[in-house]
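Examination of the molecular architecture
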Amino acid sequence: MTKSMWIAVVILALLFAVCGGFMILLQKDEDQKNIHYFLTNRKLNNVISYQEASLSVSDLTTLKNVSLRFYAFPKLSNNIQSFTIHEYKEEAHIPSFISFSARNVTFSLMDIAQNLKQPNENVVDTLAAFNPTEDILNYPLFALLLAGCDNISAEIKGEYSYMPAAKEMSLNVKFTDQCLGAWDAKVSLNNISNAQQGQFVLALKHFLQKGDPLKDMKNFLKDASVSNFSLTYTDSGLIKGYKKYVDTLYLRLPGMPSLSDLDAKDIQKIVSYLSLSNAHRQRNADIAQTLAQFIKSPGTIRFQSKNRKLASLNALSGTFLRQLTDLLLRLDTTVSLETGTP
Amino acid sequence: MNSFFKTIVLFFCLAPFANAQTLDIHTGHEMKRIAFSAKAGVEVFAEASDGKWCEDILSLKIFAQDETAFGDKSLSGLMSKIALVLNSECPSATQAIIDGYSSNTLVFQGSASADEKWKPEKGTLKVKIQQLQAAAVKTSGNKNDFSVKKWTPPDGKQKIVARIDPDTALEHRIFSKDKECSILYTTDKPAAKLKKWFISVGGNSCAENLIYGRADVSVFNEKGDLETTLDGYFTEGRFTGKKNLNVVLLNRYGVNKNVQLLSYLIDSDMELKIHYISYLKSQRNQKTGFYSPWAGCSPFIMAAVTENEELFLESSVTDNILRTAQSFADIFCPGTTQMKFFATKVPQGIPGMDIPAESSEASPQEDTRLIYSAILQRTLGQKWKIVSDKTQNLARLRENTRKTEDLREHQLMMADYNELTKTDYLGRLAYMIGADRIDNLPAMLTAAAIIKKPLRVNLLINIASIGLDRAWADWPDAILITQTSGLLNRTGWHILSGTLRPMTEQEKKQNNKTAPFSAGVLELYAAAACEQDACGEVSDLIGLIRRRHEKPNWLPYHAPYGQGEINP
């Protein structure tokens, strides 16, 4: 190859490089426009803000330094270092699969409690008369605060899949935080129509915009059944912190054993409670024993429903705790402790 | 003759009084058997002292083989026969306290009185009178000396000089020219002028520089002019007109310019702890400006000064004291027809009694120093009668009020008891300090953080260390306590009240605190120290209620066996 040919090759390469760079810049600008269009089209541009967005060749969409403005708590400060949509599929314009992850999701539980704007007297009275067992579900936020959790810095991963023909939806969420611990929840919901799926999307949207997400969720779950449920929780201080609070509540003096551990009487109470939902006393006793063991030495606990077991949500009634208990027992859920860190 | 009369005849025939035997029963008192009936199975003893059993108030012990002897009918019959014995052998007896025993067990308590023809009355009221009188004797170690609210009259054996209140007593000492004699003269004229006044004395030897007894005294003013003549009797230099009073003067005081007073001791009852005091008055003549001679018989004013308010709770004791007062009226003012009697805890200064009432609206009932008051009148030769509708037994009124209050408090304490039996440990702690609740530190710190304001709290806390105006707790958590001066003086368990807030970021850094809701500051305003770890003393429910109500001997109805016993 002559010298002039080499020069021509170099010039061509430079031209390609310049064109390529120019195209990347154009693409990036296009990505920004697309995402902005997506948010504006769904009227979310005022409630979701981000610093940077990117769409990779492999269809990864990443937003960086995202913050959300919740409708109920417009002043709640929060930040997501990066939010990535790993995969997105649609079937007849209905999202059929979404895989996402959020890195370093930060917010303050105290900030949420302050943004609830309850009258001061109610806050004080509720906390002064806080029942350490019943009120965990009635006032979960206060329970977390009493356990000593405040600033959350979590990693979240999630998968959503929906098969319109089969009317089946699967959800899987993994949540990990220094204080709240590691949660891994999976569930399949059956008999979910297209309209109900829409209610689910609406519920998510109504966390950010005006609306009633609880009502949407209720509509979403109407006539639904649950199967393939599993929940794995690994404690990293939440239980210990809550036990410390319970010990102060029951005046545990120095040198005395913890008063928050479950004794035989407490275990018997749990067995009796479970037995109202299902008369299988031996299994109920095993569950209660496992719970007691977990509270005594918090590690990893796993709730796993039996394969192919299905439980209709319409069949459940009573308080939230009773409905939850009924659901788990109808699904033949086993409770087990796992050794070692996940 | 039916069997009943046979029994009675036998009873009294076989019990000749002169041959009465003595018995020393477990009470430790000497007893004289005054009657018995072998057939009826009854023996009657009277309590004796130094071999003498016949007193105004008798103490009778009746021992019967059968408890039916103390039935209404049987006992009335028995007492009517004992009355015959008493009328002949002890006519001075007016009351009897009756204790009835069967099989060495006290089965009857009651009383009888001559006024009621010795009809037995079941109950312990009369017993109480005697006990009161006995208790009064026991209240003082020295039988011959006692004080009332730290006041005691001067010893009568020594020379008595009335204590003069210089602020209220318009009294000046005026000497004769040779300074051998003097009088104590009441006038509102300036003291500077009175220094130049003098007296001339006729018919008196002027012992110890003061005129006593009969004298004819002329009083001359600073110009040498005759001011007045005092012809009559003198007591310790004070002119009493035609009345010759040989008494122990106590205090000389006045209320205002127009009323001047002088108290004197009549008697001291060492057994009942009463000083009987009367008063002399000297009143200013508005027209002449002169003061009257000291007078105390119209009316005769008399006070029973005592701390023993309980004496006036029983009518019979009050009557006895009134009879004593009447006797003194006869001695000191034989011709007087009106007497004002009052019982008090102080020797002078009761409005409406020794001094004029402060206002017509003032109620003597409000004066806690006054125990009893009565106005008595008589026509000459007749008995004294209480006439005033203002007569009030304030002691009894107060006792009734106190009993009502006691009952009310007992009801409140019972309500507390019933409530506390259902209350948890924290509830009892709250009751101990009179608070609504004992708070939980993490819960209140969380609440304070949410509402962004300090909260008033009551906390059970173990103080680990005390510094200058601050302390650190180690339970329920290591929190800082400020403004401790004067409230905390030792480490250990306390119930603290104050305002609680989370530490600021700077305070957290200073004190090396990282946990979000255990870093608190309690600004202290009250502290109660526990006696036991974690105030474990509240487990003693009765003790807790007793301390709260300051009733150390209180017991609830149906207290469980062994609870509330007072250890000596």
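The rules behind each value
Residues numbered from 1 in each chain as written. Chains lettered and ligands numbered in written order. Predicted model: local features only at pLDDT ≥ 70, side-chain atom pairs only at ≥ 80, totals over all residues. Heavy atoms only, no water. Helix = DSSP H or I, 4+ residues; strand = E, 2+ residues; numbered from the N terminus. Buried < 20%, exposed > 50% of the residue type's maximum accessible area, 1.4 Å probe, protein only. Contact = heavy atoms within 4.5 Å. Areas by Shrake-Rupley, 256 points an atom, 1.4 Å probe, with all protein chains shown as cover. Phe/Tyr/Trp six-rings, centres within 6.5 Å; stacked < 30°, edge-to-face > 60°. Lys NZ or Arg CZ within 6 Å of the ring centre and 35° of its normal. pLDDT = per-residue confidence, 0-100. Core = buried A, V, L, I, M, F, W, Y, C linked by side-chain atoms within 4.5 Å. Axes fitted to C-alpha atoms, helices over the stretch in contact; angles between N-to-C directions. Parallel < 35°, antiparallel > 145°, perpendicular 65-115°, else oblique. Left-handed = near helix turned anticlockwise from the far one by under 90°. Nonpolar A, V, L, I, M, F, W, Y, C, P; charged D, E, K, R; others polar. Buried area = accessible area lost by both parts, 1.4 Å probe. Salt bridge = Lys/Arg side-chain N within 4 Å of Asp/Glu carboxyl O. Polar contact = N/O pair within 3.5 Å; in protein donor to acceptor, adjacent residues only side chain to side chain.

1. Quick notes on the overall build of chain A
Tallying secondary structure elements over chain A gives 11 helices and 12 strands in all. Expressed as a percentage of its 342 residues, the buried residues of chain A come to 37%. Of the contacts formed within chain A by residues at least 6 apart in sequence, a portion of 58% connects residues at least 24 apart. Accessible surface computed for chain A: about 20,100 Å², of which carbon and sulfur atoms make up 60%.

2. With respect to helix 11 (residues 320-330) of chain A
Residues and elements named next belong to chain A. Taken as a whole, helix 11 has its buried residues at R322, T325, D326, L327, L328 and L329. Structurally, helix 11 contributes buried residues whose contacts are with strand 9 (225-234), helix 9 (264-275), helix 10 (281-296), strand 10 (300-304) and strand 11 (310-312). Note on helix 11: the residue one or two positions beyond its end, D332, has a positive phi of about 50°.

3. Details of the packing of aromatic side chains
For the structure shown, the criterion picks out 21 aromatic pairs over all chains. Relative to F294(A), the ring of Y233(A) has its centre 6.1 Å away and its plane inclined at 75°; by these criteria the two rings are edge-to-face. With Y233(A) in strand 9 and F294(A) in helix 10, the pair connects residues that are 61 residues apart, well separated along the chain. Each member of the pair Y233(A) and F294(A) is classed as buried. Clustering of aromatic rings is evident, with ring pairs tying together F130(A), Y242(A) and Y245(A). One cation-aromatic arrangement involves R322(A) over Y273(A); the distance from NZ or CZ to the ring centre is 3.9 Å. Here the guanidinium or amino end of R214(B) rests over the ring plane of Y233(B), the centre of that ring lying 5.9 Å away.

4. A word on the confidence of the model for chain B
Caution applies to low-pLDDT parts of the model: their predicted coordinates are not meant to be read in detail. Residues and elements named next belong to chain B. Of the residues in chain B, 83% reach a pLDDT of 70 or more, and the chain-wide mean stands at 81. The weakest mean pLDDT in chain B belongs to strand 1 (residues 22-24) at 40; the strongest belongs to strand 26 (residues 492-502) at 95. Of the regions scoring below 50 in pLDDT, residues 155-160 engages in 7 contacts with residues more than four places distant in sequence or in other chains. Predicted confidence is poor over residues 560-568, with pLDDT under 50, and the contacts of this stretch with residues over four places away or in other chains come to 10 contacts.

5. Here we look at the nonpolar core
If you look at the biggest cluster of nonpolar residues, it comprises 90 residues, and the most contacted ones within it are L127(A), I461(B), I481(B) and L522(B). A total of 9 residues in this core trace back to one element, the largest contributor, which is helix 8 (residues 441-451) of chain B. Setting aside residues up to four positions removed in sequence, I481(B) forms contacts with I461(B), I463(B), D469(B), R470(B), A471(B), A473(B), L496(B), L522(B) and L524(B).

6. A closer look at the packing of helix 6 (residues 194-206) of chain A against helix 7 (residues 213-221) of chain A
Residues and elements named next belong to chain A. For the pair helix 6 and helix 7, interaxial distance at closest approach is 8 Å and the crossing angle is 160°. Classed by the angle they form, the pair helix 6 and helix 7 counts as roughly antiparallel. In the packing of helix 6 onto helix 7, the handedness of the crossing is left-handed. Only P213, D216, M217, N219, F220 and L221 of helix 7 make contact with helix 6, whose side of the interface consists of Q196, Q199, F200, L202, A203 and H206. Per-class residue counts for the contact of helix 6 with helix 7 are 7 nonpolar, 4 polar and 1 charged.

7. With respect to unusual backbone geometry
Omega for the bond connecting S298(B) with P299(B) falls within 30 degrees of zero, at 0°, which places this linkage in the cis form. Mapped onto the elements, P299(B) comes out in the loop between strand 17 (274-283) and strand 18 (300-305). In this structure, the amide linkage connecting W475(B) to the following residue, P476(B), adopts the cis form with an omega of 5°. Among the structural elements, P476(B) can be located in the loop between strand 24 (470-475) and strand 25 (480-482). The phi torsion at N228(A) lies on the positive side, around 50°, for a residue other than glycine. On the secondary structure map, N228(A) appears in strand 9. The residue N512(B) is not glycine, and still its phi comes out positive at about 55°. Following the sequence through the fold, N512(B) ends up in the loop between helix 9 (505-510) and strand 27 (520-529).

8. Observations regarding the interface of chain B and chain A
Listed as interface residues are 24 residues of chain B and, on the opposing side, 23 residues of chain A. The contact between chain B and chain A buries some 2,000 Å² in all, and 75% of this surface belongs to carbon and sulfur atoms. Our enumeration of links across chain B and chain A arrives at 1 salt bridge. D477(B) is paired through a salt bridge with K244(A); the nearest N and O atoms lie 3.3 Å apart. In this structure, the connection of chain B to chain A is made through 4 residue pairs in polar contact (both at pLDDT 80 or more). Of all the secondary-structure elements, those providing two or more residues to the side of chain B that touches chain A are helix 7 (425-433), helix 8 and strand 23 (455-466) of chain B. Considering every element that reaches the side of chain B that touches chain A, the biggest residue donor is helix 8 of chain B, with 8 residues. The residue inventory of the side of chain B that touches chain A, partitioned by class, reads 18 nonpolar, 2 polar and 4 charged.

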